[in-house]
Amino acid sequence: MDVKIETSWKNILQSEFDEQYFKDLTTFVRSEYQTHKVFPPAKMIFNAFDQCPFDKVKVVILGQDPYHDDGQAHGLCFSVNDGVQFPPSLQNIFKEIHDDLGVQIPQTGNLERWAKQGVLLLNATLTVKAHLAGSHQNRGWERFTDAVIRKIAEERENVVFLLWGSYAQKKGAFINPEKHLILKAVHPSPLSAYRGFFGCKHFSKTNEYLISKGLEPINW
């Protein structure tokens, strides 16, 4: 099956694309785009991969669903298009970066600049129906993104996994902590951020680890 995705990922994930579950998922997603408003725009479903080739991945941040309101989602978890108001979780991420590293809160919530430095901004589910959170869950995306995490965990070394909230932590359960750095905290949502996301210092810890392995730190 021909999926339009960055070449290194295409090669790594071809066995998934050939599986029946992925063919069924493709049929479902194609039909949803034809009959409903779905986010992100179809050409951006694999944007996280297109911006961050397999051999460039240094950090993985796991989200759950794309944003489901107009103009927000563009295929990178927690990220929004230029000119879009910051959703609350993203505000809290920027606040923690500011408190941790002294970095000024940026003008834009577009995190492509992170992706280009090797941060894979991966949602567990890659599509969602407009204004209906979770509407494309349990259709096959989770199996696909589990395979993505497994490939990184098995075939790469010294990757930092940022697992925020119980959902992300469950999804990352099979990562070997001797090969990679796993950092866990509560989700940055306003419902939980004050219970341990603020003060987690994940951004400085990530950079310290990368530097210790001879890798370029991320300019957050």
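Since the model is a prediction, treat every value here as computed from it, not as a measurement.

Student: Describe the pattern of salt bridges, and please don't skip the residues or the numbers.
Tutor: Pairs can form between side chains of opposite charge whenever their charged atoms are close. Inspection of every chain in the model, using the stated rule, returns six salt bridges. A salt bridge links Glu 19 to Arg 143; its shortest N-O distance comes to 3.4 Å. Of the two residues, Glu 19 sits in the loop between α1 (7-17) and α2 (20-35) while Arg 143 sits in helix α6 (residues 141-155), which places them 124 residues apart along the sequence. The class for Glu 19 is partly exposed, based on a relative accessible area of 33%. The shortest N-O distance in the salt bridge between Lys 129 and Glu 32 comes to 3.7 Å. In this pair, Lys 129 sits in strand β4 (residues 128-129) while Glu 32 sits in helix α2, placing the two residues 97 residues apart along the sequence. Judged by its relative accessible area of 8%, Glu 32 falls in the buried class.

Student: Which residues make up unusual backbone geometry, and what values go with them?
Tutor: Residues Phe 39 and Pro 40 are joined by a peptide bond in cis, for which omega reads -10°. With respect to the secondary-structure elements, Pro 40 resides in the loop between β1 (38-39) and α3 (47-51). In the Ramachandran plot, Phe 78 falls in the positive-phi region, its phi being about 70° despite a non-glycine side chain. Inspection of the secondary structure puts Phe 78 in the loop between β2 (59-63) and α4 (88-101). Judged by its relative accessible area of 9%, Phe 78 is buried. For Lys 201, which is not a glycine, the phi torsion comes out positive at approximately 55°. Mapping Lys 201 onto the fold places it in the loop between β6 (181-185) and α8 (202-212). Taking the relative accessible area as the measure of exposure, Lys 201 reaches 39% and is therefore partly exposed.

So, how was this worked out
- Residues numbered from 1 in each chain as written.
- Predicted model: local features only at pLDDT ≥ 70, side-chain atom pairs only at ≥ 80, totals over all residues.
- Heavy atoms only, no water.
- Salt bridge = Lys/Arg side-chain N within 4 Å of Asp/Glu carboxyl O.
- Helix = DSSP H or I, 4+ residues; strand = E, 2+ residues; numbered from the N terminus.
- Buried < 20%, exposed > 50% of the residue type's maximum accessible area, 1.4 Å probe, protein only.

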